[in-house]
Amino acid sequence: MGSPRIILMGRRPPPSRSPLQIRRGLARSSASEPESPVTKAQNFVMRMGHDADVAHGVVQALQQSGLSGTALLSTVQTMAGRWEVGEDAGLEALVEAVTLDLARKQGRQAITVTCLPAHAWASTEQDQADFTPIVETPAQRQQALSKGFTIQAMTGLTLTDVAKFGDGPGAAELGASIECACAGIMACSTCHVVIDPEWYEQVGEPCDAEQDMLDLAYAPRKTSRLACQIQLTPELDGLVIRLPKGANNLMDDIPFQD
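Cut-off values and rules
- Residues numbered from 1 in each chain as written.
- Predicted model: local features only at pLDDT ≥ 70, side-chain atom pairs only at ≥ 80, totals over all residues.
- Heavy atoms only, no water.
- Buried < 20%, exposed > 50% of the residue type's maximum accessible area, 1.4 Å probe, protein only.
- Helix = DSSP H or I, 4+ residues; strand = E, 2+ residues; numbered from the N terminus.
- Pairing = 2+ DSSP bridges.
- Axes fitted to C-alpha atoms, helices over the stretch in contact; angles between N-to-C directions.
- Parallel < 35°, antiparallel > 145°, perpendicular 65-115°, else oblique.
- Left-handed = near helix turned anticlockwise from the far one by under 90°.
- Contact = heavy atoms within 4.5 Å.
- Nonpolar A, V, L, I, M, F, W, Y, C, P; charged D, E, K, R; others polar.
- Salt bridge = Lys/Arg side-chain N within 4 Å of Asp/Glu carboxyl O.
- Expected span 1.5 Å × (residues − 1).
- Polar contact = N/O pair within 3.5 Å; in protein donor to acceptor, adjacent residues only side chain to side chain.
- pLDDT = per-residue confidence, 0-100.
- Core = buried A, V, L, I, M, F, W, Y, C linked by side-chain atoms within 4.5 Å.

1. Quick look at the pairing of strand β3 (residues 192-195)
For a regular strand, side chains alternate in direction, first toward one face of the sheet and then toward the other. The side-chain alternation of β3 yields two buried faces, one formed by His192 and Val194 and the other by Val193 and Ile195. When β3 meets strand β4 (residues 224-226), the two strands line up antiparallel, connected through 3 bridges. Looking at β4, one finds that Val193 is bridged to Arg225. Where β3 meets strand β5 (residues 239-242), 2 bridges bridge the pair, whose relative direction is antiparallel. The residue of β5 that forms the bridge with Val194 is Arg242.

Here it is, written out as structure tokens:
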């Protein structure tokens, strides 16, 4: 007769877990942690199309004014207004101040961009272009350039940033020429510009999502781009862009409720 078996009553030892199971558990644990109001506010500003540095600067500025917690998040959302359709309620000015302050602190290079108004070149009416190339003689191009205006802009900004936040009469004229209705999130074609053919290779072609918006633009040309997708770099110093005669703002046809 063998030794009696001893049965221990109580909790069973936990089963061993593989490293993969442990990592998954940790991921679920961190994913379940709620975001703080500060993080939510920063993510909200980033969803509006601004980069992380600008979002951080906006939130930090509001914190320095004494706001915190849910009041901070609520203020950011209220100041944004109906940003999806370009109706700002005060956040634009704060974003402008933060954007320019960051550019100065980072010592970004200033470059020059020449803008040709619609009357300066052979721009076309709606439905008359259909991505046709710009064809002109050297003399015609020089004549168009003589009617353009220049803007000074810091690298790192987009053309839309310059139109909305830039300094000087040139930036103001650019801002009056393009609408920027969707706050730069590539959800409309109102910031449509035409890149001068001699600069198009340097600027680059649009991605598929941008091309979808350009299909809805006013009189698009072969070298059309959205200004919100053109980030200025030192290599684009001297860039020439052409402004169309009009803009298609699909937001105007959406029946938003007040």
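Having seen it, we continue.
2. A word on the pairing of strand β1 (residues 110-116)
Extensive coverage of β1 is indicated by the burial of 5 of its 7 residues. When β1 meets strand β2 (residues 149-154), the two strands line up antiparallel, connected through 6 bridges. Looking at β2, one finds that Thr112 is bridged to Gln152. Here 4 bridges tie β1 to β5, and the two strands are oriented parallel to one another. Considered in β5, the bridge of Thr114 is made with Val240.

3. Things to note about the packing of helix α3 (residues 52-64) against helix α4 (residues 69-80)
The N-to-C vectors of α3 and α4 enclose an angle of 120°; their axes lie 11 Å apart at closest approach. When the axis of α3 is compared with that of α4, the two are oblique. Crossing handedness for the pair α3 and α4: right-handed. On α4, the residues touching Val59, Leu62 and Gln63 of α3 are Leu72, Val76 and Met79. Across the contact of α3 with α4, the residue classes break down as 5 nonpolar, 1 polar and no charged.

4. As for the pattern of salt bridges
Tallying each qualifying case throughout the model produces 8 salt bridges. Across the salt bridge formed by Glu198 and Arg141, the nearest N and O atoms sit 3.6 Å from each other. Of this pair, Glu198 sits in helix α9 (residues 197-203) while Arg141 sits in helix α6 (residues 138-146), placing them 57 residues apart in sequence. In this structure, Arg225 and Glu210 form a salt bridge, with 2.7 Å as the shortest nitrogen-oxygen distance. A residue pair is termed long-range when its members are at least 10 positions apart, and Arg225 in strand β4 and Glu210 in helix α10 (residues 208-214) qualify at 15 residues. In this structure, Arg225 and Glu210 share a single accessibility class: buried.

5. Side note on α4
A rise of 1.5 Å per residue sets the reference length of α4, with its 12 residues, at 16 Å; its end C-alpha atoms lie 17 Å apart and thus fit the reference within 8%. Against the buried residues of α4 lie α2 (37-47), α3 and α5 (91-105). Gly81 occupies a position one or two residues after α4 and carries a positive phi of about 60°.

6. Quick word on α3
Note on helix geometry: an α-helix contains 3.6 residues per turn, so any two residues three or four positions apart are oriented the same way. With 13 residues, α3 extends 18 Å from end C-alpha to end C-alpha; this agrees with the ideal 18 Å at 1.5 Å per step. Within α3, burial applies to Val54, Ala55, Gly57, Val58, Val59 and Leu62. On the buried face of α3, the contacting elements are α2, α4 and α5. The opening residue of α3, the one whose side-chain oxygen lies 3.2 Å from the backbone nitrogen of Asp53, is Asp51. Remark: Gly66 follows α3 within two positions and exhibits a positive phi of approximately 110°.

7. Observations regarding the confidence of the model for the protein
Averaged over every residue, the pLDDT of the protein is 84; the share at 70 or more is 83%. Per-element confidence in the protein ranges from a low mean pLDDT of 53 for helix α1 (residues 19-31) to a high of 98 for β5. Per-residue pLDDT stays below 50 along residues 4-14; that stretch engages in 0 contacts with residues further than four places along the chain or on separate chains.

8. Description of the nonpolar core
Counting residues in each nonpolar core, the largest one holds 41 residues, and the members touching the most others are Val113, Leu174, Ile178, Ile195, Leu232, Leu239 and Ile241. Those residues within four positions of Ile178 in sequence are excluded, and the remaining contacts are Ala163, Thr190, Cys191, His192, Val193, Ala227 and Leu243. Phe44, Trp83, Leu102 and Phe165 belong to the second-largest nonpolar core, a separate cluster that totals 22 residues.

9. Some points on the packing of α2 against α4
Packing of α2 against α4 brings their axes to within 8 Å, and their N-to-C directions diverge by 15°. As judged from the angle between their axes, α2 and α4 are roughly parallel. The handedness of the crossing between α2 and α4 is left-handed. Each of Pro37, Val38, Lys40, Ala41, Phe44 and Val45 in α2 lies in contact with α4, whose residues at this interface are Gly69, Thr70, Leu72, Leu73, Val76, Gln77 and Ala80. Each residue belonging to the contact of α2 with α4 can be placed in one class, and the counts come to 9 nonpolar, 3 polar and 1 charged.

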